[in-house]
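In case you want the letters, here they are:
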Amino acid sequence: MMEEAHYNFAFLDERTKKMIRRATLKAVAIPGHQVPFGSREMPFAYGWGTGGIQVTASIIGRDDVLKVIDQGSDDTTNAVSIRRFFERTTGVRTTERTREASLIQTRHRIPETPLTESQVLVYQVPMPEPLFRLEPRRQESIKLHALAEYGLMNVRLYEDIAQLGAIARTYDYPVLVNGRYLTSPSPIPKFDNPKMDMNPALQLFGAGREKRIYAIPPYTRVQSLDFEDHPFEVQTWKHACALCGSRESFLDEMIVDDAGRRLFVCSDSDYCSDRRAAGHVGSQQAVEMSPAPGGAS
Amino acid sequence: MSAPVLLRAAGVGKQFVRGGRAHWACRGIDFDLCAGEVLAIVGESGSGKTTLLNLLAGRLTCDQGAVHYDVRSEDGWHGGGLTDIASLSEARLRWLARTDWGFVEQQARTGLRMNVSAGANIGERLMALGARHYGKLRTEALHWMQRVELDAARVDDLPGTYSGGMQQRLQIARNLVTQPRLVFMDEPTTGLDVSVQARLLDLLRELVDELQLAAVIVTHDLAVARLLAHRVLVMKDGEVVEQGLTDRVFDDPQHPYTQLLVSSVLMP
C-alpha cells in the first residue's frame, strides 16, 4: 500500500514521539509502574487502541516488521485498521507471522508462539489501574501503589470465592510485577498470564484515554495474585481445536447452529495456520454440547 | 493506674482558618491514656471533640503540641516507646492505624466497604497485613461475626443489607480483628435507637474488658461516657474545662459548664 506523504513518519510528530519514548523509558525502569504521558488525539476512537498505537508509533523504525492482532486474530476489523494505518504512515513491512515480526501490537491476547528477545509486544489497555472500582479516589490509589498496600485486591478475590466459590476473574487478572507493583495485564485472558512471567520480549502497555504507559521489561517476574488454598489456575478445555487439533492453545467457542452446537478453534490465527501447514489436523467438526456443559472451566 | 502510658497528648491544638481569620478548633489539651483505659471526651457539638480525636489518630496534624504513642518496637522497627506520631513516616502511621489502632466511625457506612461482603470487610485488615489463606480468613471472619453477636449465616451478605446497629457491630469487628491496643470511637452509638444502643454499649463494654483495649470515645451522650469510660474529659469551645474520673466528674461537677451539662440530661 502507498505511503502517505503528508504525514510525519508514523503519524505522530517527532516531539510527541520523544515525549512518549521518555515516558516509556521511565516505565521500563520501574517495572509495572504507571507513568502518565500526554496522550494525543488519534484518528481512531477511544477503545480502538489509541494508547497502543501511540506507543507503537513512537518506537517503530523503518526496519521493523509489524504484526497487529486483535483477540489473537490478524484479520479482525481492529487489527486490519491498525495495520493499514501503519502501512500508510510508515511504509514498514507487515506480517501475520509471529516469528517474523519484530514489533507486535496486540489487543487482548499474547501470541501462542513463544516470543524472543528481539521482539517487542505492545498492549492496548482500556483501564491501566487495577485498583479501579475498588478505590474510587485516584489520589488514594496512587498512595496505595506508593506504599505497596495491595490488600484491597485480595479483598476482591476473597469476595469472588465467597460469592461464587472460585476466583471468577477470567481476564484482566491482576498481577504483581517484579514483586512490587500491582499491575493490570490489560484484558488478556488469564490463560496468558503465565506467558508474561520471565518473558524474553519487552512488553509495553499504552492506555490512550487514561493517559498512562507502563512496561514489563524482559525476564521480569510476574505473579498472578491468589490465595494459598485457592491457587491461580488457567482455563482448560475438554476439546481440541477443530482446525488444527491443538490442545494447548486458547480456544474460541462459536455457536454454529440453532441446536447449540459449538465449534472450538484456536484464537491465535497464526498459530493455528502454522500447525495446519505442519500437517496437524483437527476434527473439523462442531461438537454437541448437551447434556453436560463442556466449555472453558 | 499503674499501667504504662499508651497515648500522651501534650498541649495539642489545631487551628482552622475561616474567612481569613484563624480560629482554634481545640488547643492546649494535655492528658495521658494508659493501656486498658477508656477515656470519654464529652461536650456540645462544635466544641472540638472530633477534631481532637482526629489529631490523636493522626488524621490531622497538630498546629500546637504533639501526640505521642507507645509504638511497639517489634517487626524490626527501631525506636519503640513513646514516639511523636508526627515523626512517623506516612507508611508507618498507616501501618499503625490498621494494626495497633482501630477507628470506629460515627457513620458505619464511612468505616465499612459497602460493596464487599461482611466477611471481606472483616478480612480486609488481615489481607492488608499479608494473610493469603482463604480458609483461615473465613474462619476468622466467622469467629468475629459471632464475637460481635452477628448472625454468622450472613457473612456473605453486603453490609448494605444490615440494619444500622448490625453495621456498627460489623464495623467494630472489622477494627478489632488485628487485636489493636487502642480504639478511637467517634459517637459510636449516635443514630441508633435506644434498645440497639444499649446492646451495642453492652457489647463494647464486654469487648473492652476482655481484650484489655484502651479507647478514646467521643460522645455527647453522658450516659455512654458513664457506662464505658474510666475517665472523662469535658470540652467547651476547644478547651478542656474539666477532667477526672467519670463518677467524680458526673456526681460532683466543679466547672459551671459541666454542672450545666450534667443538669441538662433528660431523665425519663
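Up top is the structure.
On a predicted model such as this, the values are computed, not experimentally measured, just so you know. (Residues numbered from 1 in each chain as written. Chains lettered and ligands numbered in written order. Predicted model: local features only at pLDDT ≥ 70, side-chain atom pairs only at ≥ 80, totals over all residues. Heavy atoms only, no water.)

Draft legend 1. Main features of the sheet that holds strand β10 (residues 239-245) of chain B. Residues and elements named next belong to chain B. Taken in spatial order, the 6 strands of this open sheet run β6-β7-β8-β3-β9-β10, and their pairing is mixed. In this open sheet, the two strands that pair with only one neighbour each are β6 (101-104) and β10. Going across the sheet, the axis of each strand differs from the next one's by a mean of 15°, ignoring polarity. Against the sheet, helix α1 (residues 49-56) makes contact with β3 (38-43), β6, β7 (182-186), β8 (214-219) and β9 (231-236), and its axis sits at roughly 155° relative to β8, the strand it touches most. (Pairing = 2+ DSSP bridges. Helix = DSSP H or I, 4+ residues; strand = E, 2+ residues; numbered from the N terminus. Axes fitted to C-alpha atoms, helices over the stretch in contact; angles between N-to-C directions. Contact = heavy atoms within 4.5 Å.)

Draft legend 2. Highlighting unusual backbone geometry. Although it is not a glycine, Q284(A) adopts a positive phi angle of roughly 60°. Inspection of the secondary structure assignment puts Q284(A) in the segment after α7 (269-277).

Draft legend 3. Structural view of the interface of chain B and chain A. Each partner contributes to the interface: chain B provides 22 residues, whereas chain A provides 23 residues. A buried area of about 2,000 Å², summed over both sides, lies between chain B and chain A, and 53% of it is on carbon and sulfur atoms. On the chain B side of the contact with chain A, R94(B), R132(B) and Y134(B) bury the most area, a combined 36% of that side's loss. Viewed at the interface, chain A and chain B are joined by 13 residue pairs in polar contact (both at pLDDT 80 or more). If you list the elements that add at least two residues to the side of chain B that touches chain A, you get α2 (90-99), α4 (118-128) and α5 (134-147) of chain B. Taken together, the residues of the side of chain B that touches chain A sort by class into 9 nonpolar, 5 polar and 8 charged. (Buried area = accessible area lost by both parts, 1.4 Å probe. Polar contact = N/O pair within 3.5 Å; in protein donor to acceptor, adjacent residues only side chain to side chain. Nonpolar A, V, L, I, M, F, W, Y, C, P; charged D, E, K, R; others polar.)

Draft legend 4. Layout of the side chain of S47(B). Residues and elements named next belong to chain B. In this structure, S47 sits in the loop between β3 and α1. A relative accessible area of 1% means that S47 is categorised as buried. At 2.6 Å, the side chain of S47 forms a polar contact with the backbone oxygen of E44. Sequence-distant contacts of S47, that is, excluding residues within four places in its chain, are made with A25, M235, K236, D237 and G238. (Buried < 20%, exposed > 50% of the residue type's maximum accessible area, 1.4 Å probe, protein only.)

Draft legend 5. Spotlight on the packing of helix α1 (residues 14-29) of chain A against helix α2 (residues 50-59) of chain A. Residues and elements named next belong to chain A. Here α1 crosses α2 at 105°, and the two axes come no closer than 9 Å. In terms of orientation, α1 and α2 fall into the roughly perpendicular class. Residue-level contacts link K17, I20 and R21 of α1 to Q54, V55, A57 and S58 of α2. Classifying every residue of the contact of α1 with α2 gives 3 nonpolar, 2 polar and 2 charged. (Parallel < 35°, antiparallel > 145°, perpendicular 65-115°, else oblique.)

Draft legend 6. Representation of the packing of α4(B) against helix α6 (residues 164-176) of chain B in the model. Residues and elements named next belong to chain B. At their nearest, the axes of α4 and α6 sit 7 Å apart, and the two run at 30° to each other. Here α4 lies roughly parallel to α6, going by the angle between them. Taken as a pair, α4 and α6 cross one another with a handedness that is right-handed. Where α4 abuts α6, its residues A118, N121, I122, E124 and R125 lie against L170, A173, R174 and N175. Tallied by class, residues from the contact of α4 with α6 come to 4 nonpolar, 2 polar and 3 charged. (Left-handed = near helix turned anticlockwise from the far one by under 90°.)

Draft legend 7. The sheet that holds strand β1 (residues 35-36) of chain A, seen in detail. Residue and element names in this part refer to chain A. Across the sheet, which stays open at both edges, the 7 strands sit in the order β1-β9-β8-β5-β4-β2-β3 with mixed pairing between neighbours. The strands lining the two open edges of the sheet, one partner per strand, are β1 and β3 (93-94). Summarising the sheet, strand β2 (residues 65-70) and β3 pair through 2 bridges and their orientation is parallel. Note on β3: the bridge partner recorded for L66 is T94. Docked against the sheet, α1 engages β1, β8 (202-207) and β9 (212-216), running at close to 45° with respect to β9.

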